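Observations on chain architecture
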Amino acid sequence: MTTVIKAASTLAAPADEKAAAVLLAGQAARECLAEARLSPDAVGVLINVGVYREHNTFEPAVGALVQKEAGINLDYLAHPVPGAAFSFDLMNGACGVLNAVQVAQAMFSTGSAERVLITAADVHPGGRAALDDGYPYADLGAALLLERSATSEGGFGPVRTAGSGSPSETAGYLPNAGYLPTAGMGAGGRTRITVRRDPGFAGQLLDLAADTTSGYARTEGLDLHRTLLVSSRPTADFAQRLADRLGLPQSRVLAPDSPGGGGGLPHTAAPILGYLRAVDQGLPEDVDQILFVAVGAGPSAACVSYRPQDR
Amino acid sequence: MTSDARGSRFEALGAYLPSTVQSTPDLVASVVRPPDVDLEHITGVAERRVYDRRPEAGEDSYGLALKAARDALGHSRYDAADLDVVVSASITRFRDGDDFYFEPSFAGLLAHELGARRAIHFDVSNACAGMMTGVHLLDRMIRAGIVRNGLVVSGEQATRVAETAAREMVDSYDPQFASLSVGDSAVAVVLDRAVDEADRIHYVDLMTCAEYSHLCLGMPSDRTEGIALYTDNRQMHKADRLRMWPAFHGDQLAKLGHGFADEGFDYIVQHQVGTRFIDYVNRTGAREFGTEMPESLSVVEEFGNTASTAHFLVLHRHLKAGTARRGARYLLVPAASGVVTGALSATITNLGV
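The rules behind these values
Residues numbered from 1 in each chain as written. Chains lettered and ligands numbered in written order. Predicted model: local features only at pLDDT ≥ 70, side-chain atom pairs only at ≥ 80, totals over all residues. Helix = DSSP H or I, 4+ residues; strand = E, 2+ residues; numbered from the N terminus. Buried ≥ 20, exposed ≤ 12 C-beta atoms within 10 Å, placed from the backbone. Contact = placed C-beta atoms within 7 Å. Domains from an automatic or database assignment. Pairing = 2+ DSSP bridges. Nonpolar A, V, L, I, M, F, W, Y, C, P; charged D, E, K, R; others polar. Core = buried A, V, L, I, M, F, W, Y, C linked by C-beta atoms within 7 Å. Axes fitted to C-alpha atoms, helices over the stretch in contact; angles between N-to-C directions. Parallel < 35°, antiparallel > 145°, perpendicular 65-115°, else oblique. Left-handed = near helix turned anticlockwise from the far one by under 90°.

**Side note on the overall build of chain A**
From N to C terminus, chain A includes six helices and 13 strands. Considered along the principal axes of its C-alpha atoms, chain A spans approximately 55 × 50 × 35 Å. Here chain A holds 311 residues, and the buried ones make up 58% of them. If you take every contact in chain A between residues at least 6 apart in sequence, the share linking residues at least 24 apart comes to 75%.

Written out as structure tokens, the structure reads:
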């Protein structure tokens, strides 16, 4: 048994309207399902990994709202053939998609689900990332549909994580964090967010990404020269710096910019964005697999290989 | 529903409750426009614990979670360094006092602070089903052989929404009325592989009926400074919503050829919304399953609705006090915004509390 990608989708928020994570994730989810020619009710588990959301909503799970938007098994009692879906949010900054892949592997391995839909949408709580100079991310949504495959060929390798052992605080506060300071927010808490990225955080994340990638390649016996790295994009030059650090050609590390322009960085959607770019451009002949690496606040890192089934 | 030889068990359970007690009359006295109903009579909540806002008390959501995690590890055979996974499930995510965090994950910070240096870590956010969701995922990861053990923890500064409701609500039909029944607490539970039938999680099955996901929304208030919870109580607790649990649970059991009565539950723990709610859900269960419900355990009278921590706070208090028997089979039924329902069945004998 292995875990494979059945479909993937990403979309940027329209430039002229307020963005909503629920709508972006819901639309990306519907596109995924259409690509896979599946009914929404074919999804057993929905994991939403987005961090920043409209109005700074903290209840219910954004995943439940996305489930509604995508029309997945909405009402167990009203449905003519009772079908159940379970949705929740999994939050671990930029690493969310890869953590969710590991959870999906556990679901598939125990027969708890046949398909798991991961959604990753981040929007500025006020709806327009471009209007807040202190907010580095793009209003962007993505979805990744995973499926249990009966064969043992290809698919995801084991997910490895790292980071909690590294120093998480500098001088008593977190160098890389996103939060709403509620003291002093007045009645404006639905549209504000503070993202702190201290000087030096990018270097720390680069060290962590390089160590995690090398460690994964060593443990799993991967030749990095026959691998396409799909990385998160904590800074615009991160892919280049990671390639240099690992001694790889620039073309072997993908960390695409957000579609739609606007200058914001892709956040939790980055691995899906990178995967789609890799698929679009086609894997080079001398590449056996993709290696996803994500690093973000904590610091936290995650890494997993993916071998398309036709390789 | 899965039940296999590699199942998991509850190994240790911890809790932390702030020492400050607020009675319902005291809370009502702080409400700017007091409700035109007897709050204590309607909810059954006589008092609740409230956080100490002094930084040195360490009673923000994160601090509460940390204390519960340490308590659980104090009753566990594992040290923090042995943990393979740390999952945090707080709805209220206050750290450094008044800062509401979206990243990094509380789980990563807790893992670091506890000394769980190599633990996989992530937060789950699933309203009042958060702890149950964390347990569900950890159970699956243990069954799948990905990890051997882990900690699921939640600290809830739930009375933050009561403070906002006290300032803003206009009457008992106000969408913030339910916020007056909440209380602060933290719980943490350690899971590992089951080794015998004395301690085993038999199944955790959860479902989200997203048609009703808009009925309870939490976000900062747009009127005064604070976080708020807006609940459509009438729709949320409609008879059809409450029938979801017996319908879903009954269908899951039917797949195994079982009925509710065959399960031999000794105790049932409903979400601690209020005494009337608990009675109503149990009556719905009895009617739908066509059998008497097991003994219903609660702590809502003393601690209010403690959000994601509620079911595990009930277990902790009753096991510690000896008012729930060891060697018994427990059924935990979530009822959370989303709308989430389901069932967790476990035999508990040697659980450290």
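**Re the domain arrangement of chain A**
All names here are of chain A. In terms of domain boundaries, chain A breaks down into domain 1 (2-153) and domain 2 (160-307). For domain 1 and domain 2, the distance between their C-alpha centres works out to 19 Å. In this complex, domain 1 contributes 37 residues to the contact, which on the side of domain 2 involves 37 residues. Going through the elements one at a time, β1 (2-12), α3 (96-109), β4 (115-122) and β5 (140-149) are the ones with two or more residues in the side of domain 1 that touches domain 2.

**Notes on the environment of A:Val123**
Residue and element names in this part refer to chain A. By secondary structure assignment, the location of Val-123 is in the loop between β4 and β5. Val-123 gets classed as buried once you count the C-beta atoms within 10 Å, which come to 28. In sequence terms Val-123 and Leu-24 are 99 residues apart; their C-alpha atoms lie 9.0 Å from each other. Excluding residues that lie within four positions of it along the chain, Val-123 makes contacts with Ala-13, Ala-19, Ala-20, Ala-21, Leu-24, Tyr-52, Arg-53, Glu-54, Ala-129 and Asp-139.

**Examining the sheet that holds strand β8 (residues 176-181) of chain A**
In space, the four strands of this open sheet follow the order β9(A)-β8(A)-β6(B)-β5(B), with antiparallel pairing throughout. Every interior strand has two partners, whereas the edge strands, β9 (194-197) of chain A together with β5 (94-95) of chain B, have only one. Of the pairings in the sheet, the one linking β8(A) to β9(A) comprises four bridges and is antiparallel in character. Following the sheet pairing, A:Tyr179 is matched in β9(A) by A:Thr194.

**Notes on the domain arrangement of chain B**
All names here are of chain B. We note that the domain assignment places domain 1 (8-193) and domain 2 (200-348) within chain B. Relative to domain 2, the C-alpha centre of domain 1 lies at a distance of 17 Å. Each partner contributes residues to the interface: domain 1 has 49 residues there, and domain 2 has 45 residues. Taken together, the elements giving at least two residues each to the side of domain 1 that touches domain 2 come down to β1 (8-16), α2 (39-43), β3 (47-50), α5 (130-143), β8 (149-156), α6 (159-168) and β9 (185-193). Class assignment for the residues of the side of domain 1 that touches domain 2 results in 24 nonpolar, 15 polar and 10 charged.

**Quick look at the nonpolar core**
Counting residues in each nonpolar core, the largest one holds 229 residues, and the members touching the most others are A:Leu24, A:Ile118, A:Ala143, B:Ala68, B:Ala69, B:Leu110 and B:Val189. Ignoring anything within four residues of it in the chain, the contact list for B:Leu110 reads B:Ala65, B:Leu66, B:Ala69, B:Val86, B:Ser88 and B:Val153.

**Description of the packing of helix α8 (residues 239-255) of chain B against helix α9 (residues 275-289) of chain B**
Residue and element names in this part refer to chain B. The N-to-C vectors of α8 and α9 enclose an angle of 40 degrees; their axes lie 9 Å apart at closest approach. Of the possible angle classes, the one that applies to α8 and α9 is oblique. α8 and α9 meet at a crossing whose hand is right-handed. Side by side, α8 and α9 meet where Leu-242, Arg-243, Trp-245, Pro-246 and Gly-250 of the first sit next to Tyr-280, Val-281, Thr-284, Gly-285, Glu-288 and Phe-289 of the second. Per-class residue counts for the contact of α8 with α9 are six nonpolar, three polar and two charged.

**Here we look at the interface of chain A and chain B**
Residue-level contacts link 61 residues of chain A with 61 residues of chain B. Looking at the side of chain A that touches chain B, the elements that each hand over two or more residues are α2 (62-70), β3 (86-91), α3 and β8 of chain A. With seven residues, the single largest contributor to the side of chain A that touches chain B is α3(A). Of the residues assigned to the side of chain A that touches chain B, the class counts are 30 nonpolar, 26 polar and five charged.

**Considerations on the packing of helix α4 (residues 201-220) of chain A against helix α5 (residues 238-246) of chain A**
Residue and element names in this part refer to chain A. Remark: α4 packs on α5, axes separated minimally by 10 Å, with the N-to-C direction vectors making an angle of 50 degrees. With respect to their mutual orientation, α4 and α5 come out oblique. Along this stretch, α4 crosses α5, giving a crossing that reads as right-handed. On α5, the residues that touch Leu-206, Ala-209, Ala-210, Thr-213 and Ser-214 of α4 are Arg-241, Leu-242, Arg-245 and Leu-246. Its residues assigned to classes, the contact of α4 with α5 comprises five nonpolar, two polar and two charged.

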